[in-house]
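Architecture and fold: a report
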Amino acid sequence: MALWFPYLATDRLTKRKQPKSALVVAAKEANALRLSAVSPQAETLGLTRGMALADARAMVPEITVAMADEQADVRLLEKIATWCDRFTPFVAIDLPDVLLLDVTGVAHLFGGERGLLDALRNAFKKQKLAVRMALAGTAMAARALARECDGAIAAPGEESAMVATLPIDALLLDPNVTHAFRRAGLKTIGQVASRMRAELVGRFGYEVAATVDRALGRGEKPISPRLPLPDYMAEHRFAEPVTNQDVVSATLQKLAESLAHILEERGEGARALDAAFFRADGAVFRLGIETGRPTRDPKIVERLFREKLSSLADPLDPGFGFDLIRLSVPHAERIHPEAISFDASQQDDDEIGFLIDRLAARFGAARVLSFLANDTHIPEAAAVAAPAQHARESKTAWETVRNAGEAPRRPLRMFERPEPIEAVAEIPDGPPLRFRWRRALHEVTLAEGPERIAMEWWRHQPTMPTRDYFRVEDKSGRRFWLYRAGLYGRETAEPKWFVHGVFA
Amino acid sequence: MAVVMSVLLQFKADTPTLIESLRTAEPEPTHPRVRLGHPGADACLKGGLRTGALHEVFPAETGCEGSASGFAVGLAACVAQKRKLLWIRQDFSAFEFGELSATGLLDLGIDPARVLLLRLPDVTSALRATGDALTCAGLGAVILEIPGAQKKLDLVTSRRLTLAAARKGVTVFLLRFAAEADSSSAETRWQVAPARSAEKQDDWGFPRFAAALTRNRHGATGDWIMEWNSDEQSFGAPHRGAVVSVSGDRPAHKTEAA
């Protein structure tokens, strides 16, 4: 299905402020101001798109001129597309002024295809947006029909007959090509199509021939939807907009139940779920949750959404009510049968997985972390804290430089930014005798080191000098991990000292 | 901020009924005790640390936060056995006292893969997350790290944590930095400082703690030098020339009767 907004730019301006006289939109093109859009009123006065502004003024002195704002037009089109999401998740934007909707299997919800067209037309009429629409088997056929015969519904197999009678302008080809067809006496799409295909390709290139084919419903070029299509979705439409939070969460659970049935049949579970709340006034709210493992239990889904809803800074504002709630699964994964077991530790893991999902839904996935080993000897990079929901088993094993029976070599708490200290050392490259950190003076009684850690040569950065690490213990038994940045004499004359962590 | 406010309001609203319910709470189910490995401490604790309860760990003075963390994670590892640990901490704490390091855990003999880290912005969300975590019987233990004086950590909160811990048997360790010990319903309270290593050794040996049990709801108090054995993951008495740290610059422990 195609929706063409012939007066998109002027409708946008008229909505804001009714102009006193015929409205035209002008844009600079090849150093001349030309009309890029004209209102219906201006059109009746004989003004057309592409006309020079000076000519238009000469013809009709009393016109209101606005400068073109293509981005505002695109934004409006996107807004309309978002609103159209309530009819089908597959909405594509065909710039500058066409929306393509895949309404396969949707029409019956609105009382048939005619009903769907009427519903859309009424909605746009209320919004004072002029629209031409048509429904056909392929997107290009629908687009061509929308141009020329508004409201057309091409039954399967009828596209080519209907489209063939349309003038070639409906194809939206390059103006030069259209002009060439006209000069050759080919006025309708049917006439163009009746020529030998080889001639067409030879004269105008493959793309033109393919466009003609598509318009006639003989081929389809995939159109890409604005939003990624979910793997599964379920939705509930309300006859009356609902505002009650309980109804909203009950609906979510009901949708989750119907999704669970489909998922179960396919042996799959959701790794992510999106809920979209379509408000009656056109606003759309979207909420997403993720799970650490494929899940389809409606209770879990409902619980996770409850966590998410309660964590929102400003709660879901129903305004005049939601008229559609849609739950979709953007990412489904196979549930492996062996994952279901009665093992006690497996049960623990399941419980912890659910806890992680709940915490992630409430506080954000980036705050619930688990540690992964990293294959490097740079101390601050040896482990990464990754979101626990997405964490897989570490590829690298944990490696320690500590031998059995020895003291820890790495501190339990490490500062993200090593803190500078004032240290006094006996010899420039020896361990410190005493150091001052956070205004407290520490007398070193035991020191062990240096453990020299240089930047790995393949990621050498001149700003990162070699570090000599020392483990030191002060008089009261506190153990610190200090380092001296820079090799004395070679990299720096005055090495700086830092405390990088504290031991248990 | 709006979230915090709403939680606060909710909290205020149900406080009277909550106190009522806390008074009439059912007797706590008894969860097993876990041996720490240090004979003196285990005897004092009548067989070990109680699971499914709230325990508090304080640094004995400023600067002992590393030791207190190590001691708390040691206790948690004893309790959790092979199960997972959840460490809840606030952003400020990492900045001030250092972020929990996986390699550091590894050197204490604790597999970093067993530890989940939850980073939260404030104490309200930390308490809320703890409440959630204590419903998850699969967890071995929860370490809740809260720096600074907190009005929210009152007797009601502490009682609430105790009850939640008892319900599913998940032990919770409250690690408090830069704060005075306040009235609470904790099972035990520990004040931890580092103990000096045996001098003139090639290797310093395992981490040592001067741990004072200043509160014990079901027994006596005491203080010991405890050593964390990274290889066996248990505490023990130091076996190489123990040197008690000079406590000249440290105030004597306040011992509080249970």
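Model, not experiment: these values are computed from the prediction.

Conventions adopted
Residues numbered from 1 in each chain as written. Chains lettered and ligands numbered in written order. Predicted model: local features only at pLDDT ≥ 70, side-chain atom pairs only at ≥ 80, totals over all residues. Helix = DSSP H or I, 4+ residues; strand = E, 2+ residues; numbered from the N terminus. Rg over C-alpha atoms; globule rule 2.2 N^0.38 Å. Buried ≥ 20, exposed ≤ 12 C-beta atoms within 10 Å, placed from the backbone. Contact = placed C-beta atoms within 7 Å. Domains from an automatic or database assignment. Nonpolar A, V, L, I, M, F, W, Y, C, P; charged D, E, K, R; others polar. Pairing = 2+ DSSP bridges. Right-handed = clockwise from strand over helix to strand, strands pointing away. Axes fitted to C-alpha atoms, helices over the stretch in contact; angles between N-to-C directions. Core = buried A, V, L, I, M, F, W, Y, C linked by C-beta atoms within 7 Å. pLDDT = per-residue confidence, 0-100.

Right, let's get into the overall build of chain A. Looking only at helices and strands, chain A has 14 helices and 20 strands in total. A compact globule built from 504 residues would reach a C-alpha radius of gyration of about 23 Å, whereas chain A, at 34 Å, exceeds it by more than 25%. When its C-alpha atoms are laid out on the principal axes, chain A stretches across 100 × 60 × 55 Å. The buried share of chain A, taken over its 504 residues, is 36%.

A word on the overall build of chain B. A count of helical and extended segments in chain B gives 7 helices and 12 strands. Relative to its 258 residues, chain B shows a buried fraction of 52%. For chain B, the proportion of contacts with a sequence separation of at least 24, taken over those separated by at least 6, is 73%.

All names here are of chain A. When its domains are assigned, chain A resolves into domain 1 (1-135), domain 2 (150-226), domain 3 (232-360) and domain 4 (413-502). In this structure, domain 1 and domain 3 have C-alpha centres spaced 37 Å apart. When grouped by side-chain class, the residues that make up the side of domain 1 that touches domain 3 number 2 nonpolar, 1 polar and 2 charged.

This brings us to the environment of B:Ala43. Tracing the backbone through its elements, the reader meets B:Ala43 in helix 2 (residues 39-44). Considered as a pair, B:Ala43 and B:Arg167 are 124 residues apart in the sequence and their alpha carbons are 26 Å apart.

A separate point is the pairing of strand 7 (residues 132-135) of chain A. All names here are of chain A. In the sheet, strand 1 (residues 2-4) pairs with strand 7 via 3 bridges, with the strands oriented antiparallel. Its bridge partner lying in strand 7, tryptophan 4 is registered against arginine 132. One ladder, built from 2 bridges, connects strand 7 with strand 8 (residues 152-153); its direction is parallel. In the strand pairing of strand 8, alanine 134 is matched with alanine 152. Following the backbone out of strand 7, through helix 6 (residues 139-148) and into the adjacent parallel strand 8, one traces a crossover that is left-handed.

Before going further, it helps to spend a moment on the sheet that holds strand 7 of chain A. All names here are of chain A. With mixed pairing, the 5 strands of this open sheet are ordered in space as 5-6-1-7-8. The sheet terminates laterally at strand 5 (91-94) and strand 8, the two strands that pair on one side only. Most of the contacts of helix 5 (residues 112-126) go to strand 7, to which it runs at about 160°, and overall it touches strand 7 and strand 8.

With 132 residues, the main nonpolar core has B:Ala76, B:Val142, B:Ile143 and B:Phe173 as its most contacted residues. With 10 residues, helix 3 (residues 65-80) of chain B is the single largest residue contributor to this core. Looking at which domains feed residues into this core, each of domain 3 (232-360) and domain 4 (413-502) of chain A gives three or more. Sequence-distant contacts of B:Ala76, defined by excluding residues within four places in its chain, comprise B:Leu85, B:Ala141, B:Ile143 and B:Phe173. Membership of the second largest hydrophobic core comes to 63 residues, among which are A:Leu117, A:Val131, A:Ala146 and A:Val208.

Time to look at the environment of A:Phe354. Looking at where A:Phe354 falls in the secondary structure, it is placed in helix 14 (residues 344-363). Sequence separation between A:Phe354 and A:Thr291 is 63 residues; the distance between their C-alpha atoms is 7.9 Å.

Looking now at the confidence of the model for chain B. Residues and elements named next belong to chain B. When pLDDT is averaged across chain B, the result is 83; 79% of the residues are at 70 or more. Considering each helix and strand of chain B separately, the mean pLDDT is smallest for helix 1 (residues 2-23), with a value of 49, and largest for strand 3 (residues 54-59), with 95. Contacts from residues 1-13, a stretch scored under 50 in pLDDT, to residues over four places away or in other chains number 8 contacts. Counting contacts from residues 242-258, a segment whose pLDDT is below 50, to residues more than four positions away or on other chains yields 34 contacts. Overall fold confidence for the complex sits at a pTM of 0.73, while the interface term, ipTM, reaches 0.83.

Helical geometry: 3.6 residues make up each α-helical turn, so side chains three or four residues apart lie on a common side. When you tally the buried positions in helix 1 (residues 8-16) of chain A, you get 7 out of 9 residues, the bulk of the element. Within the sequence span of helix 1 of chain A, burial applies to A:Leu8, A:Ala9, A:Thr10, A:Asp11, A:Arg12, A:Leu13 and A:Thr14.

Here we come to the sheet that holds strand 3 of chain B. Read from one edge to the other, the open sheet built from 11 strands follows the order 14(A)-13(A)-6(B)-4(B)-7(B)-8(B)-3(B)-9(B)-10(B)-11(B)-12(B), with strand pairing classed as mixed. With one partner strand each, in any of the chains shown, strand 14 (383-387) of chain A together with strand 12 (234-236) of chain B form the two edges of the open sheet. Between one strand axis and the next, the sheet turns by 30° as a mean value, whatever way the strands run. Sheet topology places strand 13 (residues 368-373) of chain A next to strand 14 of chain A; 5 bridges connect them, and they run antiparallel. Bridged to A:Ala373 within strand 14 of chain A is A:Ala383. Helix 6 (residues 123-133) of chain B rests against strand 4 (84-90), strand 6 (115-120), strand 7 (139-147) and strand 8 (171-177) of chain B of the sheet, and its axis sits at about 170° to strand 7 of chain B. Sitting on the sheet, helix 7 (residues 155-168) of chain B is in contact with strand 3 and strand 8 of chain B, with an inclination near 130° to strand 3 of chain B.

Here we take up the interface of chain A and chain B. Taken together, the 51 residues of chain A in the interface contact 55 residues of chain B. For the side of chain A that touches chain B, the secondary-structure elements that each account for two or more residues are helix 14, strand 13, strand 14, strand 15 (413-425), strand 17 (440-453) and strand 20 (496-502) of chain A. Looking at the side of chain A that touches chain B, its residues break down into 26 nonpolar, 9 polar and 16 charged. The pairing of strand 15 of chain A with strand 5 (residues 99-100) of chain B spans 2 bridges and is classified as antiparallel. Looking at strand 5 of chain B, one finds that A:Met414 is bridged to B:Glu99.

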